[in-house]
Amino acid sequence: MTPAPTRSVVSKLAEHSNYAGRGVAGQGKPITIAKNGVRHIRLMPSGEKKEVLSVGLACSECLSGPQLAKVLKRGFEYEQQVMMDLMAGNYAAPLSIHTSSGVPEATSEFIDALKQHLPWDNIHTLDWCVSLQLEGASAVWAAIDMLLQEQILATGDKNRKMVAVGTTSYHGPPSTSFGSKSPMWAKNYQIKYPTPEAGKSIDEIQLLSQYEAFLDQYANDIGVLLVEPQWGSSQAAFPWPKELLKKYITMAQDRGIKVCADEIMCGLGRHGHGTLFVSKAWDLSPDAVTFGKAIAGGAYPLSGAIMKRGRDMLTKHGRSAMQSHTFAGASQRALMAGTDVLNELPKWLPSITKLGEEMRHIFSYLEKISKGMLICHGQGLMWGGLFSKVGKSASDDYRADAFNCFMKHAEDVGVLPYFVPAGGFMVTPVVDIDVSTVYEIGEKLAEAVERTMADMDWKAQSKCTVEDDSLFLKEMSEIEVKCLPSLHATKSCTSCASFVCQDRRRRFVSSK
């Protein structure tokens, strides 16, 4: 049952004129009043109550319903006891503790749970350490901070303090964080290296040649190189070619450069390769890795950076991560939820892999029906589409109009992906989503795409995507579908009519 918005909630719609949040400052924002998985009930600025499939959210949620309740339950009971003690005037356990005073009791259990998922072999031989933060940008800063300190202490070289970022990259709000955009001022502490670009043919030999030339020129100045194994908002979920990324990392490390894999968005198993970190699945062996977003269930802010080696060096010199602040790793409930998420997620990894295959069918279909308007890519439960730069869409103005048109139609049909500044969208639903809802998302996105094409008078283009990475699939008759009882508990089996309508699925899987 959907709760009715209270009178106070309705009145607060008028108060957004003083709010500067995501979007345009001073404009009314929808209020989310209830959620059930990806189904959100929003109170619109007009006062209308509307249900939408909220399938973007930038990877900020992982579990929902009973699964979310399960990972929040211990913390809820903990806070209930705290409240009773506070009201009775007794000593009460802290809900949060300033970092200068101590750490929450749950810190140890969280680190123990995290240890089981680290992306390196022979963990017992590594002097690894983790810095806890609140959000992604701070986690990236902490990783760079620790890596640079360790390198300076180990080598005595204080000149290698530059940070290399991808030509297209995002590691936090662009005004203050690392990444390719610099809307406020020049970021003299970073330098850009050449990377693949979604929608363009990838000439690996040429890219590696350009990258080697880049290293020849700047390696002695660079202390840390940042990589996103799967891009987030800057390239709408575009994954790196695995072997190419491994070569990039090895070439940097061979020059004495530390590498940090930023997995704020693609981590937590969302990539679909059966591990928590894609760095583990792809054997990337970075010097540090970041995590965040939904690590605390999406209910509490929590992120972090793990350094593979260097704890002993920091300890010897009385050092630690300088990137620290009042609430960095200070919340007991966040750490309790994070521990339980880390223990719960492995049960969902096979389902993420299976649903990733279904998402591939859907995004293949979207790319095909768009007739060149969209370029689609992704893996696991992290997919995206970018408006191409062919035909009419070669015009920046036309492409911007098409993007705005698509946003409008997506809202009209009741689906809310994560719209990204690169000119496209991402779909990153909770990982416990059922397969039927996955195809409902596909239907709504397809309708929004078709409406956009009609409004923009789009003409079919002969080619719009990387030829070797075509998403077009085999005929339905050639695809073997087997019942997998192991996927019944997660409602992701695609051969059972009780989980998904076969006619609905056939629309996307067939290439006709």
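This text goes with the structure placed above it.
The rules behind each value
- Residues numbered from 1 in each chain as written.
- Predicted model: local features only at pLDDT ≥ 70, side-chain atom pairs only at ≥ 80, totals over all residues.
- Heavy atoms only, no water.
- Helix = DSSP H or I, 4+ residues; strand = E, 2+ residues; numbered from the N terminus.
- Buried < 20%, exposed > 50% of the residue type's maximum accessible area, 1.4 Å probe, protein only.
- Lys, Arg positive; Asp, Glu negative; His and termini not counted.
- Salt bridge = Lys/Arg side-chain N within 4 Å of Asp/Glu carboxyl O.
- Polar contact = N/O pair within 3.5 Å; in protein donor to acceptor, adjacent residues only side chain to side chain.
- 1 Å grid on protein atoms, 1.4 Å probe; cavity = no way out; pocket = protein on both sides within 12 Å on 5 of 7 lines; lining within 4 Å.
- Points joined across faces, edges and corners; volume = space filled by probe spheres on them.
- Nonpolar A, V, L, I, M, F, W, Y, C, P; charged D, E, K, R; others polar.
- Contact = heavy atoms within 4.5 Å.
- Core = buried A, V, L, I, M, F, W, Y, C linked by side-chain atoms within 4.5 Å.
- Pairing = 2+ DSSP bridges.

1. Side note on the side chain of Glu367
- Structurally, Glu367 can be placed in helix α10 (residues 349-369).
- Comment: no salt bridge for buried Glu367; closest opposite-charge side chain is Arg360, at 9.2 Å.
- At 2.9 Å, the side chain of Glu367 forms a polar contact with the backbone nitrogen of Cys376.

2. Re the layout of surface pockets
- Quantified by volume, the second largest pocket comes out at close to 470 Å³.
- Residue lining of the second largest pocket: 25 residues in total, with Val103, Val130, Ser131, Leu132 and Ser320 positioned closest to the centre.
- Broken down by secondary-structure element, the contributors of at least two residues to the lining of the second largest pocket are α3 (107-115), β4 (129-133) and α8 (311-316).
- A per-element tally of the lining of the second largest pocket places β4 first, with five residues.
- Here the lining of the second largest pocket is composed, by residue class, of 13 nonpolar, 10 polar and two charged.

3. Comments concerning the side chain of Gln190
- You can see Gln190 is positioned in strand β6 (residues 190-193).
- A distance of 2.6 Å separates the side chain of Gln190 from the backbone oxygen of Gly179, its partner in a polar contact.
- Apart from residues lying up to four places away in sequence, Gln190 is in contact with Met162, Val163, Val165, Phe178 and Gly179.

4. Some thoughts on the nonpolar core
- Phe110, Tyr193, Leu225, Phe291, Ile306, Phe363 and Leu445 are the most contacted members of the largest nonpolar core, which has 117 residues in total.
- In this structure, Leu445 is in contact with Phe363, Leu366, Phe406, Val415, Pro417, Phe425 and Val427, ignoring residues within four places of it in sequence.
- Of all hydrophobic cores here, the second largest spans 19 residues; its members include Val140, Ala143, Val165 and Val224.

5. A look at the pairing of strand β3 (residues 49-54)
- Pairing between strand β2 (residues 39-43) and β3: five bridges, direction antiparallel. Looking at β3, one finds that Ile41 is bridged to Glu51.
- Between the antiparallel neighbours β2 and β3 lie five residues, among them Gly47 with a positive phi of about 100°.
- Relative to strand β13 (residues 415-416), β3 runs parallel, the two sharing two bridges. Counterpart to Ser54 in the pairing with β13 is Leu416.

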